[in-house]
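Now for the letters of each chain:
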Amino acid sequence: MGNYQTHTLSPVHAFEERGKCLNFQKRLNTIDEYKQYVHKKASGSGSLLELNIPETISLYESMDVSFNSLTELPYELPFRLPHLSHLDLSYNGLTSLPESIGLFIHLETLIIRHNFLQKIPASVAQLHKLSKVDLSHNHLIHVPKKFGDLKYLCKLNVSYNKLRELPLSLATCPSLTLLLATENLLETPPQSLCDKGSKPLLDYIKQKYRAIKEDSIPFEADRRFQRQRWNQLRTNVPNPHSPQMKYIQMQTHTTNVPSRLKTPLLLPNGSTKLDLQNVSDRISGMIYGAAIGDAIGLATRWMSPDECKFYYEKKDLIYSSILQDQHRVHWKPGDWTSNFDNMILVLDSLITWAGVVDELDFAKRLKHWSKHGFPDLGDTTGIITSFTMKKVLQQKVFERSPHTAAAAVLTLNSHNACENGDCGQQEFELNNSFVSPLDEIIDTDNAAVVRASILGVPHFYDLSEVASNAVRICWASHAHPECVSACIAITVLIALILQGHHDLNCPEAVDAMLNTAAHHAGPHLKTDEQKKEIKSILKINSLASLNVREKGRMCHTYKPLGSAVLALKTDKGYKEFISDLILEGGDSSSNACVAGALLGCRLGYQHLPTDWLNGLLSAQGDWLNVKVNSLLDMLGLP
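A quick note: this is a predicted structure, and the numbers were derived from the prediction, not measured.

### Notes on the overall build of the protein
- A tally of helices and strands in the protein yields 22 helices and 9 strands.
- Per-residue burial for the protein yields a buried fraction of 56% across its 638 residues.
- Of the contacts made within the protein by residues no fewer than 6 positions apart, 64% connect residues no fewer than 24 positions apart.
- For the protein, the exposed surface amounts to about 28,000 Å²; the carbon and sulfur share of it is 50%.

In C-alpha cells, the structure reads:
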C-alpha cells in the first residue's frame, strides 16, 4: 500500500483557478501500463485512493482523475468544485456514484468509462447542461428513464455494459444525435439493431416512442412550469448526517471559511404566507410573463393606435402575424427583444453569484452583451435602444465603476440640455431604426426599469434590501432619480406579491401595496414635482390616462411603471390585458415586458397564455428554462 497516495490540493487564489483543469491523471509511460488499467490489473503505483478537496471555494471548471484507483467519490465534491463543466473519472475502480453528483449544475461532459458501475443515480438526469456522457465499459444493468429530460444531451455512449433495455424517453432528447449501445444484452431495442450503429437505433427508439404516445389515453396536461430540480436534495431528509443536512450546514456556517461558498438562498421561516409551490409558480410566471410580453409587444412597437388596428386583430395576436419592417426585422417571430435580454443579464449575474447583487459583474455582462449579444442563441451583437445606455457604455471607466460613468453622463446631458434651453430632451441624429422614430428621452428612458423586475426576487422578504439592490443595478447605467424610483417601485411590488400578505383582488390591499412602493421610491426623488408625479403614476386607473404615446415621453421610465400598476389592478387575464396594452402602440415591448412581469407574478405561470408560451423560439425557451430552474434551486423552491 505504500505506493498509493492521497492527493490534497493546496489553496490557490480563486481568480487564478477559473478555466483551469485539476489534473490528477496518472501519467502512463508504456502501452503495457495502459493495458493493465483496461484489464484492471494495474499495480497502483502512484495512484490516488481518494480525493481530499479543501473547504475553500474553487473556480476550476475541469477535473481529470483518470487512471487512478478511486473506489468512491466524496459526496461533498460538488460543494468543493461547484463550477465543474468537465469531469473525467475513467479508468478507476468506482462501483457507484453518490446522489450528490446531481449538484454539479454546470457539468457538460461526464466521462466514466472503464469502471465497475452497476447503476447510475437518478440525480444525474438533473444535470441539464450535460451534452456528452460516456458510460461505456461498466457493469450497468439499466439507464435511468429520466435521461430523456436532458434537453442538451448530444452524445451518449453506453456500450460494453449489461443493459437489457434502453429507455424510450431518449426519444425526447431534442439534441441527441449520437447513441452508442454496442456489446450489451439488449432486448429492447434488439442488440442486433444496436450493433448496426447510432442512426438506426435512434430511428427505432423514436418510432417506438411515437407509437406508444399515439396509443396512450389523452389527459389534461398540468399547466405548472415544468420544474427540474438540480442542485438540491430533498429538504425533508431526516438523517442529520445526510448530504442534504451537510449542505445546509455548509450554507449556515460559510462565514467560518476564507471564501464564502456560493449556495442556494434558502428562504427563512416566515418569509411568505404563500405555500412554496405558489411562490415558485409566481416567480416563474414573473420571468416568463416578462419574456412573452416583450416578444408579443414587438408587434406594435412605435405604432399609432390606428396602425395597430390596421395591422392586427386583438383575437389574432400571435408571433407569426408580427409585421416585418425595418424595425421588427431584427428579431424573428417568437423572439424577445433587448428588454428581456437585459433582465437575463441580471438573472445570470444573480445565478452566478448565488443571489448576490453586484453592479460590477452586471456591468461586465452588459458590456459583453452590447458587443456580442448572446452567442448561445445565435446573436452577433446586442441591440441597444437607449441613448443613455449607449453613452454610458462608451465611458472608459464603465466596467471599473459603472456608477461613476452613469453619474458623468447624467451631469453631461443635463449641462448640454440646459445650454440648449431644454432640460428634458435633446436632439440626436438616428443612425438606425432601433430607437423611437419620433423622439427619444435622455436620462429618464426606460432601459433600466425593463430589467428591474427580477431584483424583486432575492431577499423579497426584506424590502430595504430589495430597494437597495434595485438602486445598485439601476445606477449601473441610469443615474436619474426618476429611473431609480421607477426601478424601486417595480421591485418592491414584486417582493410584496411574493410575500403574500395582501389580497390581490382587494382594491384597498392593492392601494396599500402601491403606497408601500411609493414610500420606498419617494426618498430618491429630489423635488416635490418629481414626488408628485410618481404618486400620480402609482394611482393611475386607465390606459387612456397613461397615454403611452405622450409626445416627448413615449420612452419615459414611468410608462412601463404605469403599465405595471394597471396590470396589478386589472381584473382581466394576462392575454386580454397585454393585448389591450400593446394595441395602444408606443414603446409597447417595453411596457408589456414590465407589465407582463407584474401580471405574471400576480397570476402565476399556470395562468399565462399557452400559445404565447409555446410560440417562443424553441432555443430561447430551452435556454430560459435552465436559468429559471437554477434560480428556483437557489431559493430552495419546489
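### A few points about the environment of Cys308
- You can see Cys308 is positioned in helix H8 (residues 305-311).
- The exposure class assigned to Cys308 is buried, which follows from its relative accessible area of 0%.
- Taking C-alpha positions, Cys308 is 6.6 Å from Gly585, a pair spaced 277 residues apart along the chain.
- With residues near it in sequence (within four places) discarded, Cys308 still touches Thr300, Met303, Ile582, Leu583, Glu584 and Gly585.

### Here's the deal with the packing of helix H7 (residues 276-297) against helix H20 (residues 588-603)
- Across the interface, H7 lies against H20 with an axial gap of 6 Å and an inter-helix angle of 155°. Accordingly, the angle class assigned to the pair H7 and H20 is roughly antiparallel. Of the two elements, H7 crosses H20, and the hand of that crossing is right-handed. Residues Asp281, Arg282, Gly285, Met286, Gly289, Ala290, Gly293, Asp294 and Gly297 of H7 touch H20, and the partners they reach there are Ser588, Ser589, Ala592, Cys593, Gly596, Ala597, Gly600, Cys601, Arg602 and Leu603.
- For the contact of H7 with H20, the residue count by class is 7 nonpolar, 8 polar and 4 charged.

### Here we look at the nonpolar core
- Within the largest apolar cluster, 125 residues are counted, with the highest numbers of intra-cluster contacts made by Ile283 and Ile454.
- Excluding its chain neighbours within four sequence positions, the residues that come into contact with Ile283 are Val457, Leu498, Leu631, Leu632, Leu635 and Leu637.

### Focus: the confidence of the model for the protein
- Summarising the model, the protein shows a mean pLDDT of 84, and 82% of its residues fall at 70 or more.
- In this model residues 217-221 is a low-confidence stretch, pLDDT under 50, and it forms 0 contacts with partners more than four residues away in sequence or in other chains.
- Contacts of residues 250-264 to residues separated by more than four positions or lying in other chains number 28 contacts, the stretch itself having pLDDT below 50.

### Some thoughts on the side chain of His128
- With respect to the element layout, His128 can be found in the loop between strand S6 (109-111) and strand S7 (132-134).
- Relative accessible area serves as the criterion here: at 5%, His128 is assigned to the buried category.

### Things to note about the sheet that holds strand S4 (residues 62-64)
- An order of S2-S4-S5-S6-S7-S8-S9 is seen for the 7 strands of this open sheet, with the pairing classed as parallel. At either margin of the open sheet sits one strand with a lone partner, and together these are strand S2 (21-23) and strand S9 (178-180). Shown here is a sheet whose adjacent strand axes are inclined to one another by a mean of 5°, direction ignored.
- Pairing of S2 with S4 involves 3 bridges; the strand directions are parallel. Considered in S4, the bridge of Leu22 is made with Met63.

### Considerations on H7
- Across its 22 residues, H7 extends 31 Å between first and last C-alpha, which sits within 8% of the 32 Å expected from 1.5 Å per residue.
- Counting buried positions over the 22 residues of H7 gives 19, a clear majority of the element.
- Where H7 begins, the side chain of Asp275 points an oxygen toward the backbone nitrogen of Gln277, at a separation of 3.1 Å.

### Focus: helix H14 (residues 481-499)
- Between its first and last C-alpha atoms H14 spans 27 Å; for 19 residues at 1.5 Å apiece the expected length is 27 Å, and the two agree.
- Most of H14 sits inside the fold, with 19 of its 19 residues counted as buried.
- After H14 finishes, the residue Gly500 shows a positive phi value of roughly 75°.

Criteria and thresholds
- Residues numbered from 1 in each chain as written.
- Predicted model: local features only at pLDDT ≥ 70, side-chain atom pairs only at ≥ 80, totals over all residues.
- Heavy atoms only, no water.
- Helix = DSSP H or I, 4+ residues; strand = E, 2+ residues; numbered from the N terminus.
- Buried < 20%, exposed > 50% of the residue type's maximum accessible area, 1.4 Å probe, protein only.
- Contact = heavy atoms within 4.5 Å.
- Areas by Shrake-Rupley, 256 points an atom, 1.4 Å probe, with all protein chains shown as cover.
- Axes fitted to C-alpha atoms, helices over the stretch in contact; angles between N-to-C directions.
- Parallel < 35°, antiparallel > 145°, perpendicular 65-115°, else oblique.
- Left-handed = near helix turned anticlockwise from the far one by under 90°.
- Nonpolar A, V, L, I, M, F, W, Y, C, P; charged D, E, K, R; others polar.
- Core = buried A, V, L, I, M, F, W, Y, C linked by side-chain atoms within 4.5 Å.
- pLDDT = per-residue confidence, 0-100.
- Pairing = 2+ DSSP bridges.
- Expected span 1.5 Å × (residues − 1).
- Polar contact = N/O pair within 3.5 Å; in protein donor to acceptor, adjacent residues only side chain to side chain.

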